Amino acid sequence: MPILSFAYEFSGLGGAAVHVLIRILARRRHYKENLWLPLMGLAFAVVLAAAAIWFVAQDSIGLRLAKSREQIGTMRAEGTIGTRAILYRDTWAMARDRL
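Below you will find a few notes about this structure.

1. Overview of a nonpolar patch on the surface
- A cluster of nonpolar side chains, contributed by L87, Y88 and W92, occupies part of the molecular surface with about 390 Å² of accessible area.
- Within the secondary structure layout, W92 lies in helix α3 (residues 83-98).
- Using a relative accessible area of 65% as the deciding quantity, one classes W92 as exposed.

Written out as structure tokens, the structure reads:
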């Protein structure tokens, strides 16, 4: 899950950027205006926001990446996903017993 944590921190930014992009494109096309200036501004804002997120959360992201590498190394060495397989097996068994 830590691998996804890194992506999760940037997903809100990406979702907001896509939403704004769709609105800008629709409005600018409706009025037949140039699209490049607002698109470049949006790209700059996204890069600036990503840099700010990295600056603030750099230590946390680094720790999560190190932990993820450690977990992946363990999974490769064991040839399994570890205790998750047992957890999933037990969960499916409980669900099957309820039916």
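Moving on from the coordinates now.
2. Structural notes on the pattern of salt bridges
- For the coordinates displayed, the defined rule picks out three salt bridges.
- A salt bridge links E70 to K67; its shortest N-O distance comes to 3.6 Å. Of this pair, E70 and K67 both sit in helix α2 (residues 36-78), three residues apart, roughly one helical turn.
- K67 sits in the partly exposed class, given a relative accessible area of 40%.

3. Some points on unusual backbone geometry
- Of note, the phi angle at K32 is positive, near 55°, even though the residue is not glycine.
- Within the secondary structure layout, K32 lies in the loop between α1 (2-30) and α2.
- Residue class for K32 comes out exposed when judged on its relative accessible area of 76%.

4. With respect to the environment of V20
- Residue position: V20 is located in helix α1.
- Between the C-alpha atoms of V20 and L42, which are 22 residues apart in sequence, the distance is 8.2 Å.

What counts as what
- Starting from 1, residues in each chain are numbered consecutively following that chain's sequence as written.
- Local features in this predicted model are restricted to residues of pLDDT 70 or higher, and side-chain atom pairs are both shown and tallied only at a pLDDT of 80 or more, whereas totals for entire chains, interfaces and linings draw on every residue.
- The basis for the side-chain values is all heavy atoms of the structure; hydrogens and waters are excluded.
- Nonpolar side chains (Val, Leu, Ile, Met, Phe, Trp, Tyr) are joined into patches within 5 Å and like charges within 9 Å, using only residues with over 30% relative accessible area and no salt bridge.
- For accessible areas, the Shrake-Rupley method is used with a probe of radius 1.4 Å. Any residue's cover is judged against the shown protein chains and nothing else.
- For salt bridges, the criterion is a side-chain nitrogen of Lys or Arg within 4 Å of an Asp or Glu carboxyl oxygen.
- Only DSSP runs of H or I covering at least 4 residues are called helices, and only runs of E covering at least 2 are called strands; the numbering of each starts at the N terminus.
- Relative accessible area decides the class of each residue, using a 1.4 Å probe on protein chains only: under 20% of the type maximum gives buried, over 50% gives exposed, and in between gives partly exposed.

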